[in-house]
Amino acid sequence: MPEVIDHVAVARLYGEPLFAMPQDLYIPPDALEVFLEAFEGPLDLLLYLIRKQNFNILDIPMAAVTRQYLVYVDEIRGRNLELAAEYLLMAAMLIEIKSRMLLPPKKVAQGQEPEDPRAELVRRLLEYEQMKLAAARLNAVPQLGRDFLKAEVTIEQSLHQRFPDVHIADLQEAWRDILKRAKLIQHHHITRAELSVREHMSMVLKKLQGRRFVEFEDLFDAASGVPVLVVTFIALLELAKETLIEITQAEVYAPIYVRLAYSPS
């Protein structure tokens, strides 16, 4: 073990502690690179140079911009030739524009201005800047999965079976059947009785209490006579009108059932 002061390892190599940096450690030249400015292409670099120095994009000083552009291209040529190829193509275009600006302008018809060699480059730069600003605005918009998450809440709901409403004709037909059976067993006793619809409404509710369904015919006592049956039927209609009971039927010509329209506490 080498002589050290604090006996603290600076690193471990294959599980063995190292108390000092090796003197023969080889570090490749491209092991660490620092990019102060990252550009997405030649147009991005040109736009950066123009905006940084507040140049008028419609009147680009080609000499200064080309010189600064070539300095950056020389920097990346030594590191990544494949990346520099695209920048070299733009550098050739800049040199061509600079050369054309040094030549006398071509003669044009009277009243027309000579074509500016920078016009095509300016058009491309303006279009690129518009797209870059639009992309920045889109990136600033909150995005699902990046800036916020969609809230998902599971709500458990009990399935409530709903039967179709009873047609009035079916209800009338069921009532006629009850009257027919009542007439078959009725006795011809002439008596006077006071019948209360409210009282029979209470009687019907008591019969329905604690039961899920009651068949329509089971609510009538054929032996009690037609007047009682009529009052019981009126009581059923009143209860249905006040939405205290529900009269349901699974399908056409199926039995008619009656139940309470509320859940007893």
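Whatever comes next refers back to the structure up there.
We now turn to the structure provided with this report.

Quick notes on the rules
Residues numbered from 1 in each chain as written. Predicted model: local features only at pLDDT ≥ 70, side-chain atom pairs only at ≥ 80, totals over all residues. Heavy atoms only, no water. Helix = DSSP H or I, 4+ residues; strand = E, 2+ residues; numbered from the N terminus. Buried < 20%, exposed > 50% of the residue type's maximum accessible area, 1.4 Å probe, protein only. Contact = heavy atoms within 4.5 Å. Areas by Shrake-Rupley, 256 points an atom, 1.4 Å probe, with all protein chains shown as cover. Pairing = 2+ DSSP bridges. Salt bridge = Lys/Arg side-chain N within 4 Å of Asp/Glu carboxyl O. Axes fitted to C-alpha atoms, helices over the stretch in contact; angles between N-to-C directions. Parallel < 35°, antiparallel > 145°, perpendicular 65-115°, else oblique. Left-handed = near helix turned anticlockwise from the far one by under 90°.

## Observations concerning the overall build of the chain
In step 1: Of regular secondary structure, the chain possesses seven helices and five strands.
In step 2: N-terminal to C-terminal, the α/β element order of the chain is β-β-α-α-α-α-α-α-β-α-β-β.
In step 3: Within the chain, the fraction of its 265 residues that count as buried is 25%.
In step 4: Pairs at least 24 apart in sequence give 60% of the contacts found in the chain among residues at least 6 apart.
In step 5: If you sum the accessible surface of the chain, you get close to 20,900 Å²; carbon and sulfur atoms cover 56% of it.

## Some details on unusual backbone geometry
In step 1: Even without a glycine there, the phi angle at Asn54 is positive, about 55°.
In step 2: Along the chain, Asn54 turns up in the loop between helix H1 (42–52) and helix H2 (62–77).
In step 3: One non-glycine residue, Thr243, adopts positive backbone phi at about 55°.
In step 4: Within the secondary structure, Thr243 sits in the loop between helix H7 (226–241) and strand E4 (245–249).
In step 5: Judged by its relative accessible area of 58%, Thr243 falls in the exposed class.

## Digging into the pairing of strand E5 (residues 256–260)
In step 1: A large share of E5 lies buried, amounting to four of its five residues.
In step 2: Pairing of strand E3 (residues 214–215) with E5, which is carried by two bridges, proceeds in the antiparallel orientation. The partner of Val214 across the bridge, within E5, is Val258.
In step 3: As paired elements, E4 and E5 share five bridges and run antiparallel to each other. Residue Ile245 lies in a different strand from E5, and its bridge partner there is Leu260.

## Observations regarding the pattern of salt bridges
In step 1: Counted according to the given criterion, the structure contains nine salt bridges.
In step 2: A salt bridge links Arg118 to Asp116; the nearest nitrogen and oxygen atoms lie 3.0 Å apart.
In step 3: For Asp116, a relative accessible area of 29% puts it in the partly exposed group.
In step 4: Arg198 is the partner of Glu242 in a salt bridge, and the nearest nitrogen-oxygen pair spans 3.4 Å. Here Glu242, found in the loop between H7 and E4, pairs with Arg198, found in helix H6 (residues 197–208); they are 44 residues apart in sequence, far enough to count as distant.
In step 5: Three or more residues joined by partner-sharing salt bridges are found here, namely Asp59, Asp116 and Arg118.

## Quick look at the packing of helix H5 (residues 168–184) against H7
In step 1: Put simply, H5 and H7 touch, their axes get as near as 10 Å, and they point 160° apart. The orientation of H5 relative to H7 falls into the category roughly antiparallel. Read as a crossing pair, H5 and H7 show a hand that is right-handed. Of the residues in H7, those in contact with Leu171, Trp175, Ile178, Leu179 and Ala182 of H5 are Val226, Leu229, Val230, Phe233 and Leu237.

## Overview of the side chain of Thr66
In step 1: Assignment of secondary structure puts Thr66 in helix H2.
In step 2: Residue classification places Thr66 among the buried residues on the basis of a relative accessible area of 4%.
In step 3: With residues near it in sequence (within four places) discarded, Thr66 still touches Leu94 and Ile95.

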